[in-house]
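Survey of secondary and tertiary structure
Take a look at the letters that make up each chain.
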Amino acid sequence: ANAGSLRQPLSYDRSMTRARIERREIEDELRGAIMKDELSIYFQPIIDLSTGRIRAFEALVRWFHPERGELVPDQFIPVAEDSGLIITLGNWITARAARAAASWPQDVQLAINLSPVQIRAPGAALGLLNALRDARLDPARLELEVTESLFTEDDPNIAVFMADMGREGVSFSLDDFGMGSSSLHYIHRYPFRAIKVDRSFISGPRIGRESEAIVRAVAEMGATLNMEVVAEGLETIEQVQKAQQTGCTLGQGYYFSRAVPDYLAVMLLSQESQA
Ligand code: C2E
Ligand code: CA
Ligand code: CA
Ligand code: CA
């Protein structure tokens, strides 16, 4: 072998180590970030495609790091999941988002993303319901978004968790549909009120007749099963029209709005009630 190919594994190892150190740093800093008030919840509207009105806001967490700048969830949620910190972080996110939603001028829904780790933790339902009670948010206004990765293990506690939350009025959405190991089995077996069709079927380079046919099929299934079907990642008016034509009932994406801080969410709702 020549020297060049021998050097490759070495530099690969070095960058692996650097990535590992960085993860470790982020993990340590994340513990302090909550107390130092570096985290914020932003809200992205989910629009009723037949009326144009805001149906819900999805809570999306942001970390404004003093040195690293703004970090997006993909940079720290996986770290929080691996370290178990996601439980504390998740309850904090729920409490914060619920407190904001409780003071909105309209009773629109609040959607919150839940990691599988959070759901599998003992006392998960109680922790979330306590956060709602403290915030005085009606549990019927909460929608929990989960992905198919939740169902890779056949854990009976998941059905129990969903039933417990469902009894309180909380509903569930199946997020990023079409990405992981999609199976219609989950839709049939668990009580979902909505399916969120992943952005990769709505916008981006691989969009065409085939992705459109898939969205249409999901929308048809949703209509039959009395479920909302949300088109994610709507960026252009053409994509909004396509989502309407294919039968999606709700839409979300930059065309309508990015995720915004609480005070702007309140402004969007107030404008709507004046219109
Ligand atoms: P997600 O649940 O699929 O959230 C939608 C993501 O797509 C958000 O990214 C949002 O900003 C982005 N997005 C919305 N509309 C558009 C669009 O029109 N075009 C494009 N290109 N992107 C759009 P974000 O905020 O970076 O969040 C990424 C992921 O991190 C989320 O994906 C979710 O899985 C996770 N996440 C965010 N907040 C939380 C949280 O509070 N808890 C947990 N467990 N996970 C979270
Ligand atoms: Ca989501
Ligand atoms: Ca999604
Ligand atoms: Ca996603």
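As a starting point, this report considers the structure included with it. Just so you know, these numbers come straight off a predicted model, no measurement behind them.

1. Let's talk about the coordination of the calcium ion (ligand 4)
Ligation of the calcium ion (ligand 4) by protein atoms is provided by Asp-176 (OD) and Asp-176 (OD), these donors lying 2.8 to 3.2 Å from the ion. In this structure, Asp-176 sits in strand 6 (residues 171-177).

2. What about helix 2 (residues 73-83)?
Every buried residue of helix 2 is accounted for by Pro-73, Phe-76, Ile-77, Val-79 and Ala-80. For helix 2, the angular spread of buried residues about the axis comes to 165°, placing them on one side. Exposed residues pointing more than 90 degrees away from the buried face of helix 2 are listed as Asp-74 and Asp-82. Just beyond helix 2, the residue with positive phi is Gly-84, at close to 85°.

3. Details of the coordination of the calcium ion (ligand 3)
Reference values for angles at a metal are 109.5 degrees in the four-donor tetrahedral case and 90 or 180 degrees in the six-donor octahedral case. Listed as protein donors to the calcium ion (ligand 3) are Asp-175 (OD), Asp-176 (OD), Glu-232 (OE) and Glu-232 (OE); their distances from the metal cover 2.1 to 2.7 Å. All donors of the calcium ion (ligand 3) come from a single chain, and their spacing in sequence reads D-D-x55-E. Taken as an interatomic distance, the gap from the calcium ion (ligand 3) to the calcium ion (ligand 2) is 3.9 Å; Asp-175 donates to each of them. Residue Asp-175 is classed as buried on the basis of its relative accessible area, which comes to 6%.

4. Re the site of ligand 1
As a structural note, the neighbourhood of ligand 1 is formed by 21 residues, with Arg-62, Asn-113, Asp-175, Glu-235 and Tyr-254 the closest of them. Arg-62 is positioned such that a nitrogen or oxygen atom in its side chain is 2.8 Å from an oxygen atom of ligand 1. Here ligand 1 has 800 Å² of accessible area as a free molecule, and 84% of this is covered by the chains. Elements with a minimum of two residues in the shell around ligand 1: strand 2 (54-65), helix 2 and strand 6. Here the shell around ligand 1 gets four residues from one element, more than from any other, and that element is strand 2. Each residue belonging to the shell around ligand 1 can be placed in one class, and the counts come to seven nonpolar, six polar and eight charged.

Parameters at a glance
- Residues numbered from 1 in each chain as written.
- Chains lettered and ligands numbered in written order.
- Predicted model: local features only at pLDDT ≥ 70, side-chain atom pairs only at ≥ 80, totals over all residues.
- Heavy atoms only, no water.
- Donors = N, O, S within 2.8 Å, 3.2 Å for Na, K, Ca; no water.
- Helix = DSSP H or I, 4+ residues; strand = E, 2+ residues; numbered from the N terminus.
- Buried < 20%, exposed > 50% of the residue type's maximum accessible area, 1.4 Å probe, protein only.
- Arc of directions from axis to C-beta.
- Near = heavy atom within 4 Å.
- Polar contact = N/O pair within 3.5 Å; in protein donor to acceptor, adjacent residues only side chain to side chain.
- Areas by Shrake-Rupley, 256 points an atom, 1.4 Å probe, with all protein chains shown as cover.
- Nonpolar A, V, L, I, M, F, W, Y, C, P; charged D, E, K, R; others polar.

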